[in-house]
Amino acid sequence: MTGEYFTTGEYAGTDAEVVVADVAVIGAGPAGIAAAASAAERGLRVALLDRGLESGGQIWRHINGVAIPRVAQQWLARLDKSGAQILRRTSVVDVSVDVAGFEILAESSGRALHIRVTNIILATGAREMFIPFDGWTLPGVMGIGGAQALLKSGGSFAGKRVVIAGSGPLMLPVAAALAESGARLVLVAEQAKRSAVARFAAGLWRTPSTLMQAARYRARFMSSSYSTGTWVTAAHGSDRLESVTVTNGRRTWRETADVLCTGYGLIPNVELARLIGCETRDGAVVVDDDQRTTIANVQAVGEVTGIGGAPLSLIEGEIAGLTVGSRLSVPLPLLRRRATFEAAARRMFDVFAPRAELRALPTPTTIVCRCEDVTYGVVQDAVCARQAKLHTRAGMGPCQGRTCMPGLEFLLAWHSDTVRPPIEPALVSILSSEVAKNAPSSFLSNSCVGDVYQ
Amino acid sequence: MTQYPDAVVIGAGIVGAACAEALARAGLKVLILDASFAGGGTTAAGMGHLVVMDDSPPQLALTAYSARLWTTLAPELPRNVEHDACGTLWVAEDDEQLEAVRAKQRVYADHGIAAETLSPAQLADAEPHLRPGLAGALHVPGDGVVYPPTAALALLQRAIANGAELREGVRVDAVGAREVIVGNERIACDCVINAAGAHAPELTPGIPIVPRKGHLVITDRYPGFCRHQLVELGYLASAHTMTTESVAFNVQPRATGQLLIGSSRELVGWDMNINRAIVRKMLDRALDFMPSLALTSAIRTWTGFRPATPDKLPLIGAWEDTPGLWIAAGHEGLGITTSLGTGQLLADLVVGHEPALDPVPYAPSRVLAGIGTH
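Throughout what follows, the structure given in this document is the object of discussion.

How each quantity is defined
- Residues numbered from 1 in each chain as written.
- Chains lettered and ligands numbered in written order.
- Predicted model: local features only at pLDDT ≥ 70, side-chain atom pairs only at ≥ 80, totals over all residues.
- Heavy atoms only, no water.
- Helix = DSSP H or I, 4+ residues; strand = E, 2+ residues; numbered from the N terminus.
- Rg over C-alpha atoms; globule rule 2.2 N^0.38 Å.
- Buried < 20%, exposed > 50% of the residue type's maximum accessible area, 1.4 Å probe, protein only.
- Pairing = 2+ DSSP bridges.
- Axes fitted to C-alpha atoms, helices over the stretch in contact; angles between N-to-C directions.
- Contact = heavy atoms within 4.5 Å.
- Buried area = accessible area lost by both parts, 1.4 Å probe.
- Polar contact = N/O pair within 3.5 Å; in protein donor to acceptor, adjacent residues only side chain to side chain.
- Nonpolar A, V, L, I, M, F, W, Y, C, P; charged D, E, K, R; others polar.
- Salt bridge = Lys/Arg side-chain N within 4 Å of Asp/Glu carboxyl O.

1. Considering the overall build of chain B
Regarding its fold elements, chain B presents 11 helices and 19 strands. A compact globule built from 374 residues should have a C-alpha radius of gyration of about 21 Å, and chain B, at 20 Å, falls within 12% of that. With respect to the three principal axes, the spread of C-alpha positions in chain B is 65 × 40 × 40 Å. Burial statistics for chain B: of 374 residues in total, 62% are counted as buried.

Written out as structure tokens, the structure is:
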């Protein structure tokens, strides 16, 4: 009977492994890589935790030998030399605070791992925001980031009629990559107004590399139609996607499509920060000039502090790596570069904010929670996320509302529910694991620089 | 509401909902007030185990009476209440506990409650994931499970169908003689029912109710993993003693296929944070009985506060210090089960009907007399 459920192997026992370090960096995207490398270069014992097989996060995903940008290669080489220890396939389940610092409970290949540190740098990144509409659960409908990930892992869209609809700068590179892979781009629909997008594009000169990128992307799908102020209101098909309904507020029409890529920008993954008690504002972790959160010895870098892209994430990571566990002052040029990118990020935030009309997207029969098959009509009257969860089961499935709740909070102006451990599903054996009093601990060393911890 | 209500029920948890349902069914005009939303307090945190318990004769009387009411009501409950007549297995670890199981069976038989003793082989057959070497169990087939928040909603909907009105997000500031004060508003009525659970003493000082914290863990879906509510016989001791901290093996199969793992008891005030140490202790206890739970995936933990009284019995009846004030609170960990019995008993007392069970052991006056504060 057991075999029906458990494919992850045998119960590994409650003996937990213990790792002791000065700093734990959680998340190995650009921000985490920069933070871990910069801190380790100072001689700190750094553990870089990531659930993936390879460092790089979502943006520098590089499986199957797919090429990554030069800057990514440089940072990965720097990380390699820095002496930071990378703990791959390690997901954080819980973080608790005591007088000695932090104890991170993680699951690593089915086993419990306890990581004791005095400092934490959160680099947990962001995920896509979805706004539910009729048909969004049909096969053939996917996230824009999901399509990008699929391409990077060798998926093919050759000959497929693809509609990309949503918001944000991620749509352009994904459209370009899809066009390159042989997809027939039917329509790229950006919900933001033409004037706002134009203003944003005009402001890109301030961050020249971004401008060049945007221009290159646009050139690669010139033949297809890019519309601003346009959005998809429904997806249709019997077994899988066949067509989508598109509107620009004045006119509504149908487009035949095999694939719809949708998503309304990125939202920071603040759950772990909230579990630790860090203050958040407008859905992002609040940090000071040194990337310090409101909780002592916890810093946050990259998208979790507000969506700003890889270049800003790298700068923030570097700043945290330089300031963690010390009062070193940050070099001025680094601070200036951060200010420039932050300004660009703020403009982006304004431009691509979802328009009010999108609040009318779901109908009473639209499924909002895919885990529990809950429709919009059922949750609509709830006054907060917690009430919806308790009364309707929305957000109570394995994903714990990570997919549906941000959209619902946008649609219905709900407050988020509290965050409690486990931060993501974890084996009961992991959750119950305790460090035996005489458990062997492995103290991370930093082989590259001597012990110059300051 | 232009016409003033006959009864104002404070608290739309399952006990308040059951009181409102019974009062409305008796023909009273009922207004229910809740500071937050219906079924969102202790009710939302509970397991929803409908269980006959025999810690004391009055507890047995109230739980058995309530169990009968649940059985009658069950066919009329909407599907989202997830009523499941799964029964309870009281698991005995050794021969001493098995002897206690047999004694328990005799007590149940005396009260007309069906129960059978399972041999180790029968127990292993009934629940293959329990560890080998257990001494046996008492099977109580009449017990069951509901999903508490929607159970409370279902009772409220029945009350509303009988003319009751529910106002959520309304915090009562004070309770007077035949009146309730909400901000600047005075709501006059014939009677007030304080069903505010662990918060009841905030409105009626002198009620000896304290929050007794509990933790629960829920897993992903494993349909058929276990078929009965499983409780170790030692649970009674855990629930009975008012020590600062205890855990007991208590696993429930949900209608969704999920497993609900409990239970813990702590006296730490209103601290709602997850206590990692006690969660580990609770899970260890569960793993001791069901080792393969180790490989199930836990998706969520939460805490809740049982309204605990010194003598482990709820307060149901008139609060003689204040004219027109009635109490229906202090149900500790049995509020879901005993809600229906409480509602019916309270309504019978309010309208002057002969109650189906002796109300004296639950009378709040025992507190004023200083009884039961051992």
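2. Considering helix H13 (residues 404–412) of chain A
Residues and elements named next belong to chain A. Of all nine residues in H13, seven are buried; the element is thus mostly enclosed. For H13, the complete set of buried residues consists of Cys404, Met405, Pro406, Gly407, Leu408, Phe410 and Leu411. With its phi angle positive at about 55°, alanine 413 sits one or two positions after the end of H13.

3. Details of the sheet that holds strand S15 (residues 243–247) of chain A
All names here are of chain A. Ordered by their spatial adjacency, three strands build an open sheet running S14-S15-S16, and the pairing between neighbours is antiparallel. With one partner strand each, in any of the chains shown, strand S14 (231–236) and strand S16 (252–256) form the two edges of the open sheet. Taking each pair of neighbouring strands and ignoring which way they run, the sheet shows an average axis angle of 25°. With five bridges joining them, S14 and S15 adopt antiparallel strand pairing. Each residue of the ladder has a partner; that of tryptophan 231, found in S15, is threonine 247.

4. Some points on the interface of chain A and chain B
Contacts between the two partners involve 36 residues from chain A and, on the opposite side, 42 residues from chain B. In this assembly, chain A packs against chain B so that about 3400 Å² is buried in total across both faces, 60% of it on carbon and sulfur atoms. At the surface where chain A touches chain B, the tally comes to 14 residue pairs in polar contact (both at pLDDT 80 or more). Of all the elements in the fold, those that place two or more residues in the side of chain A that touches chain B are helix H1 (2–5), strand S5 (90–98), helix H12 (385–392), strand S24 (426–427) and helix H14 (428–431) of chain A. With five residues, the top contributor of residues to the side of chain A that touches chain B is H12(A). In terms of residue class, the side of chain A that touches chain B is made up of 17 nonpolar, 11 polar and eight charged. Pairing geometry for S24(A) and strand S17 (residues 297–308) of chain B, over two bridges, is antiparallel. Looking at S17(B), one finds that Ala426(A) is bridged to Ala298(B).

5. Structural notes on the pattern of salt bridges
Residue and element names in this part refer to chain B. This structure, assessed with the given rule, holds 33 salt bridges over all chains. A salt bridge links arginine 158 to glutamate 76; the nearest nitrogen and oxygen atoms lie 2.8 Å apart. Residue arginine 158 is found in helix H6 (residues 148–161), and its partner glutamate 76 is found in the loop between helix H3 (57–73) and strand S4 (88–92); the two are separated by 82 residues along the sequence. Taking the relative accessible area as the measure of exposure, arginine 158 reaches 26% and is therefore partly exposed. Here lysine 281 and glutamate 245 are joined by a salt bridge, their closest N and O atoms 3.0 Å apart. Note that lysine 281 is positioned in helix H9 (residues 276–289) and glutamate 245 in strand S15 (residues 245–253), a separation of 36 residues in sequence. Given the relative accessible area of 40%, lysine 281 is considered partly exposed. Through salt bridges with shared partners, a single network forms among Glu93, Arg131, Glu232, Arg285 and Asp288.

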